[in-house]
Amino acid sequence: MLFNYLLISLNKTIFEWLIKEMIFTTTHSNREARELINDLLGVPYTFIQSLKMGGIGSKRMIIEETSENIGSLLNKVSDINYGNIELRPNGVILMINKGLQNYSWAIPYRQLVIYKTNGLSIHAQGKFIRFTDNKTFKENKNFFKKMLELKAENHEKYSLPIL
């Protein structure tokens, strides 16, 4: 009995640690990262589902500012940093390009917080990224609307009923 309790506690601790550290290097095929992302956010939408939804990916956006714990993933020199977002059934993947390297940040809808400031700011897991308000940001307006609708649907699906 005690062994089972310790095993469950250990698994819960490991899972909570993995959720906190959900930024993966995806420059090369990373099977473990793909499996973890699929378990957490669901498998990618099929091609037909993507067409019916009108697309599941944002256009490339310019990253203006990030939290300190993501700053190491950005270019240090005066290069422009780009990112884009992919929708999944239970969350989003925020992809960051740093030169020739790619990073993917898996964010479940339950942890996703979006602020409309001068641009768009995405917060989750103690980290944030803010995108600039420019032409590509305006072109993504319908994408952001779709992302908020999916977040609301997911919230309704998992929220407790009102008694």
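Please read all numbers here as calculations on a predicted model, not as lab measurements. (Residues numbered from 1 in each chain as written. Predicted model: local features only at pLDDT ≥ 70, side-chain atom pairs only at ≥ 80, totals over all residues. Heavy atoms only, no water.)

A look at the side chain of T132
Working step 1: Mapped onto the elements, T132 comes out in the loop between strand 8 (127-131) and helix 5 (135-139).
Working step 2: Looking at T132, the relative accessible area reads 17%, which means it is buried.
Working step 3: Apart from residues no more than four positions distant in its own chain, T132 is found in contact with I62, E64, G119 and F137. (Helix = DSSP H or I, 4+ residues; strand = E, 2+ residues; numbered from the N terminus. Buried < 20%, exposed > 50% of the residue type's maximum accessible area, 1.4 Å probe, protein only. Contact = heavy atoms within 4.5 Å.)

Digging into helix 2 (residues 31-41)
Working step 1: Inspection of helix 2 places A33, I37, L40 and L41 among the buried residues, and these make up the whole buried set. The arc that holds every buried residue of helix 2, seen down its axis, measures 75°, which confines them to one face. Turned more than 90 degrees from where helix 2 packs its buried face, R31, E32 and D39 sit exposed.
Working step 2: Directly beyond the C-terminal end of helix 2, a positive phi value near 90° is found at G42. (Arc of directions from axis to C-beta.)

Observations concerning the sheet that holds strand 2 (residues 61-66)
Working step 1: Read from one edge of the open sheet, eight strands run 1-5-4-3-2-8-7-6, paired in antiparallel fashion. Each of the sheet's edge strands pairs with one partner strand only, and the pair in question is strand 1 (23-25) and strand 6 (113-117). The average undirected angle you get between the axes of adjacent strands in this sheet is 35°.
Working step 2: In the sheet, strand 7 (residues 119-124) pairs with strand 8 via five bridges, with the strands oriented antiparallel. Paired with A124 across the two strands is K127, which belongs to strand 8.
Working step 3: Helix-sheet contacts for helix 2 involve strand 1, strand 3 (82-88), strand 4 (91-98) and strand 5 (101-108), and the interaxial angle to strand 5 is about 25°. (Pairing = 2+ DSSP bridges. Axes fitted to C-alpha atoms, helices over the stretch in contact; angles between N-to-C directions.)

With respect to the packing of aromatic side chains
Working step 1: Evaluation of the coordinates by the stated rule reveals one aromatic pair.
Working step 2: Their ring planes at 65° and their centres at 6.0 Å tell us that F143 and F144 sit as a pair that is edge-to-face. A single burial state applies to F143 and to F144, both of which are buried.
Working step 3: The ring centre of Y82 lies 3.7 Å from the NZ or CZ of R60, which sits over that ring. (Phe/Tyr/Trp six-rings, centres within 6.5 Å; stacked < 30°, edge-to-face > 60°. Lys NZ or Arg CZ within 6 Å of the ring centre and 35° of its normal.)

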